[in-house]
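Observations on chain architecture
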Amino acid sequence: SLDDDVAKVDALLFRASTYSVLTWIGLLIFAYWITPPEQIEWLEGTERNAALVELSILSTAVAMKHGPLFWEMNLFGSAPSLESRHRRSMIGSLRISGILAGGLVVQTIAVATMIIMVSFPVP
């Protein structure tokens, strides 16, 4: 049925999100491991400023896009609204969908990569 297909796709997207994070971590470790130490350096000047601008724009976009959604889902621990109490009683516990998890993973990896580029020496 359609509900079963949607549940399968949701689970598949969650699994793909997990594998994406693990792949990113593995590639990051591999990049630092394989790069000669003399080639690992801090970003300076225009490179660092460009990374800071990109980090600020990306972080703002992520916060403005997902902040209200998480607020409504009551993931920040605020007092639950009447609507979220009703939704929780209907569904059980709130859980994000696989498609939302996939989008969050992509954006989190992008923000984390920019934080690494700005805050640490990079290959």
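Residues numbered from 1 in each chain as written. Predicted model: local features only at pLDDT ≥ 70, side-chain atom pairs only at ≥ 80, totals over all residues. Heavy atoms only, no water.

**Overview of the side chain of Gln107**
- Locating Gln107 in the fold gives a position in helix α4 (residues 98-119).
- Polar contacts involving the side chain of Gln107 include one to the side chain of His66, which spans 2.7 Å.
- Ignoring anything within four residues of it in the chain, the contact list for Gln107 reads Val62, Lys65 and His66. (Helix = DSSP H or I, 4+ residues; strand = E, 2+ residues; numbered from the N terminus. Polar contact = N/O pair within 3.5 Å; in protein donor to acceptor, adjacent residues only side chain to side chain. Contact = heavy atoms within 4.5 Å.)

**Examining the nonpolar core**
- Grouped together as the largest cluster of nonpolar side chains are 9 residues: Leu43, Ala51, Leu55, Val62, Val111, Met114, Ile116, Val118 and Val122.
- Here the element with the most residues in this core is α4; it accounts for 4 residues.
- Apart from the residues lying within four places of it in its own chain, the contact partners of Ala51 are Leu43, Met114 and Val118.
- Core analysis: the second largest hydrophobic core is formed by 6 residues, Phe70, Met73, Ala101 and Leu104 among them. (Core = buried A, V, L, I, M, F, W, Y, C linked by side-chain atoms within 4.5 Å. Buried < 20%, exposed > 50% of the residue type's maximum accessible area, 1.4 Å probe, protein only.)

**Some words on the packing of aromatic side chains**
- Within this structure, the stated rule accounts for 1 aromatic pair.
- Where Phe30 meets Trp33, the ring centres are 6.0 Å apart and the plane angle is 45°; that geometry is what we call tilted. Pair noted here: Phe30 and Trp33 are both in helix α1 (residues 2-34), with a separation of 3 residues, about one helical turn.
- Taking the relative accessible area as the measure of exposure, Trp33 reaches 68% and is therefore exposed. (Phe/Tyr/Trp six-rings, centres within 6.5 Å; stacked < 30°, edge-to-face > 60°.)

**Comments concerning the confidence of the model for the protein chain**
- Residues with a pLDDT of 70 or more make up 83% of the protein chain, whose mean pLDDT is 85.
- Per-element averaging of pLDDT across the protein chain places helix α3 (residues 82-91) at the bottom with 49 and α1 at the top with 94. (pLDDT = per-residue confidence, 0-100.)

**What to know about a nonpolar patch on the surface**
- A cluster of nonpolar side chains, Phe30, Trp33 and Ile34, forms an exposed patch at the surface whose accessible area comes to about 390 Å².
- Within the element layout of this structure, Ile34 appears in helix α1.
- Classification of Ile34 as exposed rests on a relative accessible area of 51%. (Patch = residues over 30% accessible without salt bridge, like charges linked within 9 Å, V, L, I, M, F, W, Y side chains within 5 Å. Areas by Shrake-Rupley, 256 points an atom, 1.4 Å probe, with all protein chains shown as cover. Salt bridge = Lys/Arg side-chain N within 4 Å of Asp/Glu carboxyl O.)

**Some remarks on α4**
- Across its 22 residues, α4 extends 31 Å between first and last C-alpha, which sits within 8% of the 32 Å expected from 1.5 Å per residue.
- Here α4 has its buried residues at Gly98, Leu100, Ala101, Leu104, Val105, Gln107, Ile109, Val111, Met114, Ile116 and Val118.
- Summarising the contacts, the buried residues of α4 are in contact with α1 and α2 (45-73). (Expected span 1.5 Å × (residues − 1).)

**Here we look at the packing of α1 against α4**
- Relative orientation of the contacting elements α1 and α4 amounts to 15°, with a least axis distance of 7 Å. In terms of orientation, α1 and α4 fall into the roughly parallel class. Judged by the sense of rotation from one axis to the other, the crossing of α1 with α4 is right-handed. Between α1, through Asp10, Leu13, Phe14, Ser17, Ser20, Val21, Trp24, Leu28 and Tyr32, and α4, the contact on the second element is made entirely by Gly98, Ile99, Ala101, Gly102, Val105, Ile109, Ala112, Thr113 and Ile116.
- Classifying every residue of the contact of α1 with α4 gives 12 nonpolar, 5 polar and 1 charged. (Axes fitted to C-alpha atoms, helices over the stretch in contact; angles between N-to-C directions. Parallel < 35°, antiparallel > 145°, perpendicular 65-115°, else oblique. Left-handed = near helix turned anticlockwise from the far one by under 90°. Nonpolar A, V, L, I, M, F, W, Y, C, P; charged D, E, K, R; others polar.)

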